[in-house]
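The lines below spell out each chain.
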Amino acid sequence: MGDKNDVWQGTLALMVLKTLQTLGALHGYGIARRIEQTSGDLLSLNYGTLYPALLKLEQEGYIASEWGVSDNNRKAKFYKLTRAGRKQLEREAREWEQTTEILARFLSSKEQPS
Amino acid sequence: MNWLRALLARLQNLFRKEQLERDLDNELASHLELHVAENLRAGMSPQEARRIALLKLGGLEQTKESVRDVSLIPWLDSLRRDAVFGWRQLAKNKITSIAAVLSLALAIGACTSAFRLIDAILLRPLPIAHPENLYYLGRLVVDSNGSLHDFDGWAYPDFQLMRTAAKDQATLVAVSYDLRADLTYKSDQEIEKAHIVYVSGDMFSSFGIKPALGRLLTPEDDAIPGASPVAVISFDYWTRRFAKDPNVLGKTFQIGNDLFQIVGVSQPSFTGTEPGTMTEIFLPTMMNSDATRKDSTWHRTFAIVKPGAAIEPLRAKLDSVSRAFETERSKSWHNESPQEIARFLDQTLYFGPAPSGASGFQQGNRSALYALAVLVFLVLLIACVNVANLMTAQATARAREMALRVSIGAGRRHLLQLVLVESAILAFLSSALGALFAARSAPFVLGTINPPDNPVRLALPADWRVLLFGIALTVFVTCLFGLLPALRASSVQPASALKGGDNLHVRHRLMHVLIAAQVAFCFLVLFVSGLFVSTLQNLSRQPLGFSADRLLVLDTVTRAPVSSLAWLQLADQLRSVPGVERVSVASRALLDDYSNNNSISINGSGPSETIAYFLHVSPGWLDTMKIPLVDGRDFVAADTDPGAAIVNETFAKTFFKGTNPIGKSFNELYMEGPGANFRIAGVVRDSRYQQIRGATLPVAYLPFYSVTSAGAPTTEERAALLVRTASENPLALASALRKAVPLARAEFRVTNLRSQQELIQAQTVRERFLATLASFFSVVALLLASVGLYGVLHYSVLQRRREIGIRMAIGAQAGNIARVVVVDALSMVLVGAVAGLAAGLLSVRYLESFFYQVKPTDIGILAFPAVAIFAAALLAAVPPLLRAVRVDPMIALRYE
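Reading guide: rules and limits
- Residues numbered from 1 in each chain as written.
- Chains lettered and ligands numbered in written order.
- Predicted model: local features only at pLDDT ≥ 70, side-chain atom pairs only at ≥ 80, totals over all residues.
- Heavy atoms only, no water.
- Helix = DSSP H or I, 4+ residues; strand = E, 2+ residues; numbered from the N terminus.
- Rg over C-alpha atoms; globule rule 2.2 N^0.38 Å.
- Buried < 20%, exposed > 50% of the residue type's maximum accessible area, 1.4 Å probe, protein only.
- Contact = heavy atoms within 4.5 Å.
- Areas by Shrake-Rupley, 256 points an atom, 1.4 Å probe, with all protein chains shown as cover.
- Lys, Arg positive; Asp, Glu negative; His and termini not counted.
- Charge placed at Lys NZ, Arg CZ, Asp CG, Glu CD.
- Buried area = accessible area lost by both parts, 1.4 Å probe.
- Salt bridge = Lys/Arg side-chain N within 4 Å of Asp/Glu carboxyl O.
- Polar contact = N/O pair within 3.5 Å; in protein donor to acceptor, adjacent residues only side chain to side chain.
- Pairing = 2+ DSSP bridges.
- Phe/Tyr/Trp six-rings, centres within 6.5 Å; stacked < 30°, edge-to-face > 60°.
- Lys NZ or Arg CZ within 6 Å of the ring centre and 35° of its normal.
- Core = buried A, V, L, I, M, F, W, Y, C linked by side-chain atoms within 4.5 Å.

Chemist: What am I meant to see in the overall build of chain B here?
Modeler: For chain B, the count of helices and strands is 27 helices and 24 strands. Here the C-alpha radius of gyration of chain B, 38 Å, is well above what a compact globule of 896 residues would show, namely 29 Å. Residues counted as buried form 51% of the 896 residues belonging to chain B. A fraction of 80% describes how many contacts in chain B between residues 6 or more apart in sequence connect residues 24 or more apart. Carbon and sulfur atoms provide 60% of the accessible area of chain B, an area that totals close to 40700 Å². Separation of charge centres in chain B, based on 87 positive and 76 negative side chains, amounts to 9 Å.

Below is the structure:
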């Protein structure tokens, strides 16, 4: 798989939530494409892994789904963020920022010569 | 909480799997369509577009599988599948499954009934504020025979002293013994019975009980003797007697000469503090005529201990208060020896925990109920062993299936689950059936402990306690009979099982051990029931010394005191009722659990060491009771108390040491005041006095016609009329006699009417109860054990067809074959019987109090279970044996 990064589960959920916040209701394929595009094609997303993640988020009550019709007139299942999902997104985003910040500091600190 | 929501969603999904699956198919199809469309727009060929889309998805089936893992709880789904499979397995072997379910249901039902009874009588906390803080006060004293006597009755003045002394650490309340009183609401003709108790005014508030209507008793109702004729009725009584009429407040009823007014109804759950009876009417203690007497112990004392208060210092304090009271009281006793008084005063007060109340019914039946519980539990074990054997046999038959499952990758845990789920289904079905059985049988069993004239009333709710017990029992039973076969099934060795040569000997050994255990339990049940049954027989065969045939006992009371002569006239008048042969009067009937005893003195000597028992009887009573006169004469009309006496042979032997007592005299010594002198006019044969068991008592019969020191007849408020009827069924005359009594004289009325036979049977209620149930469970145990043995033999013959075939082919006779088949199993029966015998002899010492003149080591007692079990074993062995000797070697050998 070389230079493209695989997506890990926890971050995928966060990406899904963020995508739905930005774009509103969207079907699975749309979410997958959007994630790939946003990452500037740095991520190689196996589309199949998206669906268990979506179901899990739905069971937890963060997103809701509904059958609808896509832009080019095809039947598709649309997902949208719920109120609980919005809160969860804020919380997760904050935690993620904190984690990256800590790691960034950690990695940028100069090595002390012994 | 999100995980909980997710879990619920998953559980829901379990039941809408198909819709979920369809949804997923559609969603993935639409995903692919969208992707393909986009690829086409990007200029790919249709095949290429589809290939890329599928590739990018990472495989359709893989995706579905990973979604399914999220949507369902995988193990729950497999559990569901196992349950369906297990059900099919059970349905396939219908006969064996039904047999297993029925036998388990019987055992589980019996266990649940026993639990319901024990819970309702002994364990269930009273519906009061803090039952855990409730104690009853009892006293232990060594009686003149040197045995420890435990009693919980108190005199009210003593109680008052203790209540004051305890008030900082505990609230003391008095609750009288339950009394089944005669009361009338309107006219005297409509007497009814009701259970009444006299209670302290602050009992309701201390127990935290609320009124359902009106008000409850208060300390003001309980301040001055006789001043507050008010009554609170129970909710249950209000419902049954008054159909919840709100106008019940203000209604009045009469007990004796007191008129009471109903002022309130207590909350629904509370039915008094005496499990076994349900109190219907609560009256203030101050309305009891004995409220100020120091020598009448007529109530229990309960202590509601305040949180944090220590029991022991409080106990010591009340102990000294009560001792001081009794010491003061004993100063007026002149007819007791100082040693006797000192012995009486050496009593120790104790606090008995009473979260579930206190009653004689509890005391009398506690050990019997626990004995019953053990019997029932043994039957449950037998049933479980049966089902375990069944499952083991099936597991063997399914060894190939299990091996196949292992070979294609099933984990051992899954095999374990598979078999356990099947057991759980069995257990669950049996529990459901058992619950139905228990719902019927618990009230029925309670009915058998009941004396007929005063039925025990007990709340037997099927609530969460019973449910919890049922669930625990089901789980226990599942583990008991399911775990072993399950472990066995899961440890199958695929290689050898698939070859068909699994190690049968291990399996046989297990089944044989189970058979031995079953026989041991069965032996134990039979042995103990044998003891119960012969105890009942011994008691029923007790010589009574009088004849109870065609004898009616009319407990009769008067509204106003009536002279003893009037009672004798009443008896004369009743003789004219058609169908009546003889009528006599006595202060009480024999064997009515009544005793009147005192020390006596002969020729002015000191009080006798042995106490004598007394009964006042009319002239002709001896004839009515058919008690033969040995010497001297019966009473005549002129004999009075004090004056003449007739004594029984034991009396003569005890106090006159073999010399002829006729014409000699003795003094009856009362606790206070001078005694009374009697000259012995006759000697009669011994008869049973108070109880059917125990040593024969020295009894002196005194004339019913008693006179005061001035020579005037005394008054009596209560006596028993004894009527010997002409017809075989004495109770046929009941209503005629009930009517005839008040007609003879308006003051009289019959309060209880029983046959003498009922009184005798009431003495063996517990023995009858134990013997009946134990016999029933013996039959069940024997039946289950023989079915189990039959099953094992049948199975082993099936398994060994080939071996039998070979043996026959090389010339074995039918006898040899039979020996091969049954010798193992029967030796297991022998081992089991010996183990059961040992267990039985060990357990007997805990049951000794139930037995009467029975020796557990009697050959008859030991032979009965042994013979029964071996007979049953032989019977169970016959069909498999026939099958074995009819094996056709040609067919058997070709079969494999």
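Chemist: Please clarify how the overall build of chain A should be interpreted in this entry.
Modeler: Regarding its fold elements, chain A presents 4 helices and 3 strands. What you see in chain A, going N to C, is helices and strands ordered as α-β-α-α-β-β-α. Among the 114 residues that make up chain A, the fraction classed as buried is 39%. A sequence separation of at least 24 residues applies to 50% of the contacts in chain A between residues at least 6 apart. Taken as a whole, chain A presents about 7300 Å² of accessible surface, with 52% of it coming from carbon and sulfur.

Chemist: Whenever I open this one, the interface of chain A and chain B confuses me. Can you help?
Modeler: Taken together, the contact between chain A and chain B spans 25 residues of the former and 26 residues of the latter. Around 2300 Å² of area is buried between chain A and chain B when both sides are counted, 56% of it from carbon and sulfur atoms. The largest share of the area that chain A buries against chain B comes from Tyr29, Tyr51 and Gln59 of chain A, three residues that together contribute 31% of it. Put simply, chain A and chain B have 5 salt bridges between them. A salt bridge links glutamate 33 of chain B to arginine 74 of chain A; the nearest nitrogen and oxygen atoms lie 3.2 Å apart. In this structure, the connection of chain A to chain B is made through 11 residue pairs in polar contact (both at pLDDT 80 or more). Those elements that provide at least two residues to the side of chain A that touches chain B are α2 (28-38), α3 (50-59) and β3 (75-81) of chain A. For the side of chain A that touches chain B, the element with the most residues is α3 of chain A, which contributes 5 residues.

Chemist: What is the right way to read the pairing of strand β11 (residues 299-305) of chain B from this model?
Modeler: Both faces of the sheet carry side chains from a regular strand, because those side chains alternate between them. Residues and elements named next belong to chain B. Taking burial as the measure, the 7 residues of β11 include 7 buried ones, the bulk of the element. The alternating pattern of β11 places His299, Thr301, Ala303 and Val305 on one face and Arg300, Phe302 and Ile304 on the opposite face, and all of these are buried. Pairing of strand β1 (residues 134-142) with β11, which is carried by 3 bridges, proceeds in the antiparallel orientation. Paired with tyrosine 135 across the bridge in β11 is alanine 303. Bridging between strand β3 (residues 170-176) and β11 involves 7 bridges; their strand directions are antiparallel. Bridged to leucine 172 within β11 is alanine 303.

Chemist: Honestly, the packing of aromatic side chains in this entry has me stumped. Any pointers?
Modeler: The geometry of an aromatic ring pair is captured by the separation of the ring centres together with the interplanar angle, meaning the angle of the planes. Residue and element names in this part refer to chain B. Under the counting rule described, the total for this entry stands at 26 aromatic pairs over all chains. Both rings, one in phenylalanine 204 and one in phenylalanine 270, keep their centres 6.3 Å apart while their planes meet at 70°; by these two values the pair is edge-to-face. Highlighted residues: phenylalanine 204 in helix α8 (residues 203-207) and phenylalanine 270 in the loop between β9 (258-266) and β10 (281-284), separated in sequence by 66 residues. Summarising the burial analysis for this pair, phenylalanine 204 and phenylalanine 270 share the class buried. Taken together, the ring pairs connect Tyr185, Tyr237, Phe242, Phe253 and Phe260 into an aromatic cluster. Directly above the ring of tyrosine 185 sits arginine 241, whose terminal nitrogen or CZ lies 4.4 Å from the centroid.

Chemist: Sorry, what's going on with the nonpolar core here?
Modeler: Residues and elements named next belong to chain B. Membership of the largest hydrophobic core comes to 104 residues, with the highest contact counts inside it found for Val477, Phe481 and Phe532. With 20 residues, the top contributor of residues to this core is helix α12 (residues 360-397). Those residues in contact with phenylalanine 532 that sit more than four places away from it in its chain are Ala371, Leu375, Leu770, Ala771, Ala774, Phe850 and Phe851. Core analysis: the second largest hydrophobic core is formed by 41 residues, Leu137, Ile196, Tyr237 and Trp298 among them.

Chemist: Just to check I follow, could you spell out the pattern of salt bridges for this structure?
Modeler: Opposite charge on two side chains allows them to pair when their charged atoms are near. A full pass over the atoms with the stated rule returns 41 salt bridges over all chains. Ionic pairing is found between glutamate 36 of chain A and arginine 33 of chain A, a salt bridge with its closest N-O pair at 3.2 Å. Remark: arginine 33 of chain A and glutamate 36 of chain A occur in helix α2; sequence separation between them is 3 residues, near one turn of the helix. For glutamate 274 of chain B, the salt bridge goes to arginine 300 of chain B, with nearest N and O atoms at 3.3 Å. Here the residue glutamate 274 of chain B occupies a position in the loop between β9 and β10, and arginine 300 of chain B occupies one in strand β11, the gap between them amounting to 26 residues. You'll find glutamate 274 of chain B and arginine 300 of chain B in the same group, each marked buried. Shared partners join several salt bridges into a network, and the residues in it are Glu312, Arg315, Asp319, Arg323 and Asp346 of chain B.

Chemist: I would appreciate a short explanation of the side chain of arginine 329 of chain B in the present structure.
Modeler: All names here are of chain B. Structurally, the position occupied by arginine 329 is in helix α10 (residues 311-330). By relative accessible area, which is 16% here, arginine 329 ends up buried. The residues touching arginine 329, leaving out its near neighbours within four places in the chain, are Lys294, Asp295 and Phe344.

On their own, these measurements won't tell you what the molecule is for.
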